[in-house]
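A structural walkthrough
If you want the building blocks of each chain, they are given just below.
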There are 2 protein chains.
Amino acid sequence: MTFPDRAAIETMDAQDPLGHLRDAFLLSPDEVYLDGNSLGVPTRAAQDELMRAARDEWAGQLIRSWNSAGWFDLPVELGDRIGGLIGAAAGQVVVADTTSINVYKALHAAMRLRPGRKAIIAESNSFPTDLYIAEGVVSTLPGARLRLGGVDGATIEEMLDGDVAAVLVNHVDYRTGALRDMAALTARIHAAGAVAVWDLCHSAGALPVGLDAAGADFAVGCTYKYLNGGPGSPAFIYVAQRHQGQVSQPLSGWWGHARPFAFETGYEGDTGIRRFQCGTQPILSMRALKGALQIWDGVDLHQLRAKSIALTDLFIRLVEGRCAGLGLTLETPREGARRGSQVALHHDHAWPVMQALIARGVIGDFRAPSTLRFGFTPLYLRYADVLRAVDVLEDILRSESWRDPRFAVKAAVT
Amino acid sequence: MTFPDRAAIETMDAQDPLGHLRDAFLLSPDEVYLDGNSLGVPTRAAQDELMRAARDEWAGQLIRSWNSAGWFDLPVELGDRIGGLIGAAAGQVVVADTTSINVYKALHAAMRLRPGRKAIIAESNSFPTDLYIAEGVVSTLPGARLRLGGVDGATIEEMLDGDVAAVLVNHVDYRTGALRDMAALTARIHAAGAVAVWDLCHSAGALPVGLDAAGADFAVGCTYKYLNGGPGSPAFIYVAQRHQGQVSQPLSGWWGHARPFAFETGYEGDTGIRRFQCGTQPILSMRALKGALQIWDGVDLHQLRAKSIALTDLFIRLVEGRCAGLGLTLETPREGARRGSQVALHHDHAWPVMQALIARGVIGDFRAPSTLRFGFTPLYLRYADVLRAVDVLEDILRSESWRDPRFAVKAAVT
């Protein structure tokens, strides 16, 4: 066997330059949480900011907090903060609404940038809401159509032609964890005369994202996975500086107006990123996100990426070494540079196996039809957690304890 | 003088059947808060629910809380709860997104119900985001147009013709407080073959709203004013049962899918109210709203309405009796049955007068160009608060203390 032993793993943790960050998170010592790619873990700072917002600001100052606590500018303040994590210079990111709604804004804006073209391309293996929203956009535009590319048919690259206005593409596949080359694909999309809309849900906060460097046009992403903003915390949208001032989107609510408090009868969109806001944002959720983002002060994203690859490499090596012949197949690219911060394993009985893992304190998630999905958040996970997860997984598979009938029951929400 | 004296006002408070509710709110004893129509006051229950959600659910159970804490069903659970306050039977209201976004959904759905018609009518004196969103809807529909009715031109009733698909109308005018007769106007709109979309931002929680009884088609509203849900708490949308299952809207995100966790490639909308959801909601803000709604258990909405009219009547009588000749003009209907739960007063120097009031602990707000706006939330205001507000207002106007230069400075957000 060539995989590291417990002592070697302890050394890896001891030498981890990000190891000290774990103490900022409210993590149970009894669990290994490998579901930060679904819902991130709160920091103490996030909870403290939330309390401050609820008590000192809402209860304490009431309506005055819109000014005195800076509520109104939170979307652009937090947008710039996230911009720093995804390679976007200031003034190009705003936090608002949901990923789904931001996809809607971005696709409409993209279609308006290419008025003679009628097609949106998306990947059939996208997280479904991207496809559903693309259908919604198409439903409002006569003659427009959605073309699906991906695993079972032509690739996106093969589908690019003169009718394509916009391409909606995932930076990291939500199921397999496969990572796209953003710069290369954006260049191909531009060469075909189309506009690139990147979904960063599974890459923002998981690895360095170079939106400006790649020449991306639009991007969207959520803040409740690797950014740890809290359940359903508001999403973000990126609009490249070169498109601002000339591009519009139809969710033209008052927060996107050039002068929202002039209460004018007609809409005049802001010339900057604020135009991609719509209505009043959920400030309490936004303030938890603000607290959550404090952890990134001083984090080196290249150290983050190195640790992410090391964690997932270790997991793959340990699983393949110790669980060989136990029915698992790797669905994630083996080459570290080609994956995000997660590992997906196929197992014919993935549902009960995952329930058995959760019952033993190893929290991952299930993705239909038969994927065990494990997310590795470098901010708070230890190499020792990886070892423990594999210890438990091996035991469950060898003992077949997952066959216990209580693990067969499916929950309403997965 | 014919207005009640202090003793009479104390008797009114002593006999107030809703007087005990005030203790549930986190109100400063040093202030009179007349801005609950902009941002409501938190209850202890709202803050407690928020803490529980952040600590026990997010930190404590992490991803499992989507099932175990009922997060996924909160939008319909709270929708039904609000439905009880606006005359909507269960299954017709969902809490999601913002008022602006819900106006967008409702107007698109309304246009789809009347495919041969091209016009949306809205009122020029609407809260501007309604008009801006109507512009946005029109911008996506070839041939569609927005026609503005209202104070300076033809009334909505006069504009109804065979080209009108949808009418977007305010139940209570956000500035003047004028209250529309919902049943009568809905009947007129239906007689013209159009669909009625009601904006309840200034009536939900302020007075009984009979959506089902009026035969309304769609309605939207916010939850952070008279429902006290917290800054930017998610909005709601009502879709009459008879339209559900046959009407669609283009913000077709995964939360509106018939089977959101089947992760299907194509969109198939839910046949109920869930179709008017889109993406993942801000759960922390949603849980504060859940706590806020507890106060309504056992509140008789007719007692609420009676107190609202009594508070605003008292305010108008005291102001007109004691501030006569001091430059104030009533902008709100004098007849109680024709107004919501607010009073608007014109003053040529409304901005500094309001700043002087706020500095003295009477919190109302300013609306351009020259309106002093005072909201009266019957759940937590006392008749003695009305008296104190008028005492301070009279003193500021008689002494002209509002001329202090520090009151001339306009804040960024009003």
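About the thresholds
Residues numbered from 1 in each chain as written. Chains lettered and ligands numbered in written order. Predicted model: local features only at pLDDT ≥ 70, side-chain atom pairs only at ≥ 80, totals over all residues. Heavy atoms only, no water. Helix = DSSP H or I, 4+ residues; strand = E, 2+ residues; numbered from the N terminus. Rg over C-alpha atoms; globule rule 2.2 N^0.38 Å. Buried < 20%, exposed > 50% of the residue type's maximum accessible area, 1.4 Å probe, protein only. Least-squares fit on C-alpha atoms with pLDDT ≥ 70 in both. Contact = heavy atoms within 4.5 Å. Salt bridge = Lys/Arg side-chain N within 4 Å of Asp/Glu carboxyl O. Nonpolar A, V, L, I, M, F, W, Y, C, P; charged D, E, K, R; others polar. UniProt positions renumbered as here; feature names shortened; annotations may be inferred. Phe/Tyr/Trp six-rings, centres within 6.5 Å; stacked < 30°, edge-to-face > 60°. 1 Å grid on protein atoms, 1.4 Å probe; cavity = no way out; pocket = protein on both sides within 12 Å on 5 of 7 lines; lining within 4 Å. Points joined across faces, edges and corners; volume = space filled by probe spheres on them. Pairing = 2+ DSSP bridges. Right-handed = clockwise from strand over helix to strand, strands pointing away. Domains from an automatic or database assignment. Buried area = accessible area lost by both parts, 1.4 Å probe. Polar contact = N/O pair within 3.5 Å; in protein donor to acceptor, adjacent residues only side chain to side chain. Expected span 1.5 Å × (residues − 1). Axes fitted to C-alpha atoms, helices over the stretch in contact; angles between N-to-C directions. Parallel < 35°, antiparallel > 145°, perpendicular 65-115°, else oblique. Left-handed = near helix turned anticlockwise from the far one by under 90°.

1. Some points on the overall build of chain A
Along its length, chain A carries 13 helices and 13 strands. A compact globule built from 414 residues would reach a C-alpha radius of gyration of about 22 Å, and chain A, at 22 Å, matches this within 12%. Counting only C-alpha atoms and orienting by the principal axes, one finds that chain A spans roughly 70 × 55 × 40 Å. For chain A, the residues scored as buried account for 64% of the 414 residues in total.

2. Some details on the relation of the copies chain B and chain A
Put simply, the two copies of the chain differ by a rotation about an axis and a shift along that axis. Between chain B and chain A, which share one sequence, the superposing operator has a rotation angle of 180 degrees and an axial displacement of 0.0 Å; the RMSD is 0.0 Å. The two molecules are tied by a two-fold rotation axis, judged by turn and shift. A share of 100% of the interface residues of chain B reappears at the interface of chain A, consistent with the copies meeting face to face through the same patch.

3. Description of the interface of chain B and chain A
Taken together, the contact pairs 80 residues of chain B with 80 residues of chain A. Connecting chain B to chain A are 2 salt bridges. For A:Glu31, the salt bridge goes to B:Arg64, with nearest N and O atoms at 2.9 Å. Mapped by element, the contributors of at least two residues to the side of chain B that touches chain A are helix 2 (44-61), helix 3 (65-68), helix 5 (99-113), helix 6 (128-139) and helix 10 (283-293) of chain B. Looking at the side of chain B that touches chain A element by element, the count peaks at 9 residues for helix 6 of chain B. Each residue belonging to the side of chain B that touches chain A can be placed in one class, and the counts come to 45 nonpolar, 26 polar and 9 charged.

4. Topic: the UniProt feature "binding site: pyridoxal 5'-phosphate" (unreviewed entry) in chain A
The sites that carry the UniProt feature "binding site: pyridoxal 5'-phosphate" (unreviewed entry) are, in the present numbering, A:Thr99, A:Ser100, A:Phe127, A:Pro128, A:Thr129, A:Asp130, A:Asp199, A:His202, A:Tyr224, A:Trp254 and A:Thr280. An extended arrangement is adopted by the annotated residues: their sequence extent is 182 residues, and the largest C-alpha distance between any two is 30.3 Å. On the basis of relative accessibility, which here comes to 14%, the residue A:Tyr224 falls in the buried class. Excluding residues that lie within four positions of it along the chain, A:Tyr224 makes contacts with A:Ser38, A:Leu39, A:Gly40, A:Gly229, A:Gly230, A:Gly232, A:Ser233 and B:Thr280. By the secondary structure assignment, A:Thr280 is in the loop between strand 8 (236-239) and helix 10 (283-293). By relative accessible area, A:Thr280 is classed as buried at 8%. In this structure A:Thr280 touches A:Trp66, A:Trp254, A:Trp255, B:Thr98, B:Tyr224 and B:Gly232, once residues within four positions along its chain are discounted.

5. Comments concerning the packing of aromatic side chains
Throughout the structure, instances matching the rule amount to 35 aromatic pairs over all chains. Here A:Trp66 and A:Trp255 contribute two aromatic rings whose centre-to-centre distance is 5.8 Å and whose plane-to-plane angle is 80 degrees, an arrangement assigned as edge-to-face. Placement of A:Trp66 in helix 3 (residues 65-68) and of A:Trp255 in the loop between strand 8 and helix 10 is noted, with a sequence separation of 189 residues between them. This pair shows no difference in class: A:Trp66 is buried, exactly as A:Trp255 is. Between the aromatic rings of A:Tyr104 and B:Tyr104, the centroid separation amounts to 5.7 Å while the plane-to-plane angle is 80 degrees, which identifies the pairing as edge-to-face.

6. A few points about empty space enclosed by the protein
Applying the stated criterion to the full structure yields 2 cavities of 30 Å³ or more. One number sums up the size of the largest cavity: a volume of about 110 Å³. Forming the boundary of the largest cavity are 13 residues, of which A:Asp97, A:Pro282, B:Asp97, B:Gln281 and B:Pro282 lie nearest the centre. The class makeup of the residues in the lining of the largest cavity is 4 nonpolar, 7 polar and 2 charged. Forming the boundary of the second largest cavity are A:Arg22, A:Leu27, A:Ser28, A:Glu31, A:Val32, A:Tyr33, A:Leu381 and A:Asp385. Looking at the lining of the second largest cavity residue by residue, the classes come out as 4 nonpolar, 1 polar and 3 charged.

7. Considering the pairing of strand 5 (residues 164-170) of chain B
All names here are of chain B. Among the 7 residues of strand 5, 7 are classified as buried, and the element is accordingly described as predominantly covered. Both strand 3 (residues 119-123) and strand 5 contribute to a ladder of 4 bridges, which runs parallel. From the neighbouring strand, Ile121 faces strand 5, where its bridge partner is Val167. Pairing of strand 5 with strand 6 (residues 195-199), which is carried by 5 bridges, proceeds in the parallel orientation. If you follow Val169 over to strand 6, its bridge partner there is Trp198. Note on the crossover from strand 5 through helix 8 (residues 182-191) to strand 6: the handedness is right-handed.

8. Notes on the domain arrangement of chain A
Residues and elements named next belong to chain A. Each assigned domain of chain A is listed here: domain 1 (6-30 + 299-408) and domain 2 (48-296). On a C-alpha basis, the centroid separation for the pair domain 1 and domain 2 is 30 Å. With 28 residues of domain 1 in contact, the opposing surface of domain 2 contributes 19 residues. Interface of domain 1 and domain 2: buried area, both sides summed, is about 1800 Å²; carbon and sulfur atoms make up 62% of it. In this assembly, domain 1 and domain 2 are joined by 0 salt bridges.

9. Here's the deal with the side chain of B:Gln342
Residues and elements named next belong to chain B. Within the secondary structure layout, Gln342 lies in strand 10 (residues 342-346). With a relative accessible area of 0%, Gln342 lands in the buried category. Among the polar contacts listed, one links the side chain of Gln342 to the backbone oxygen of Tyr174, at a separation of 3.2 Å. Within the structure, Gln342 has its side chain in polar contact with the backbone oxygen of Arg175 (distance 3.0 Å).

10. Observations concerning helix 5 (residues 99-113) of chain A
Its 15 residues place the ends of helix 5 of chain A 21 Å apart at the C-alpha level, agreeing with the 21 Å of an ideal helix rising 1.5 Å per residue. Counting buried positions along helix 5 of chain A yields 14 of 15 residues, so the element is predominantly enclosed.

11. Let's talk about the sheet that holds strand 12 (residues 365-367) of chain A
All names here are of chain A. An order of 9-10-13-12 is seen for the 4 strands of this open sheet, with the pairing classed as antiparallel. Every other strand in the sheet has two partners, leaving strand 9 (329-330) and strand 12 as the edge strands with one partner each. Bridge analysis of strand 12 against strand 13 (residues 371-375) gives 3 bridges, and the strand direction is antiparallel. The residue bridging Phe366 from the neighbouring strand is Leu372, located in strand 13. Helix-sheet contacts for helix 12 (residues 350-359) involve strand 12 and strand 13, and the interaxial angle to strand 13 is about 40 degrees.

12. Some thoughts on the environment of B:Val392
All names here are of chain B. Structurally, the position occupied by Val392 is in helix 13 (residues 383-399). Val392 sits 32 residues away from Arg360 along the chain, and the two C-alpha atoms are 7.3 Å apart. Every residue in contact with Val392, bar those within four places of it in the chain, is listed here: Leu357, Arg360 and Val362.

13. Section: the packing of helix 12 of chain A against helix 13 (residues 383-399) of chain A
All names here are of chain A. Running from N to C, helix 12 and helix 13 point in directions that differ by 130 degrees, and their axes come no closer than 10 Å. By the angle between their axes, helix 12 is oblique relative to helix 13. Remark: the crossing between helix 12 and helix 13 carries right-handed chirality. Here helix 12 contributes Val353, Ala356 and Leu357 to the contact with helix 13, which in turn contributes Val392, Leu393, Ile396 and Leu397. Looking at the contact of helix 12 with helix 13 residue by residue, the class counts come to 7 nonpolar, no polar and no charged.

14. Examining the UniProt feature "modified residue: N6-(pyridoxal phosphate)lysine" (unreviewed entry) in chain A
In the numbering adopted here, UniProt assigns the feature "modified residue: N6-(pyridoxal phosphate)lysine" (unreviewed entry) to A:Lys225. Leave out the neighbours within four places in its chain, and A:Lys225 touches A:Gly36, A:Asn37, A:Ser38, A:Gly40, A:Cys201 and A:His202.

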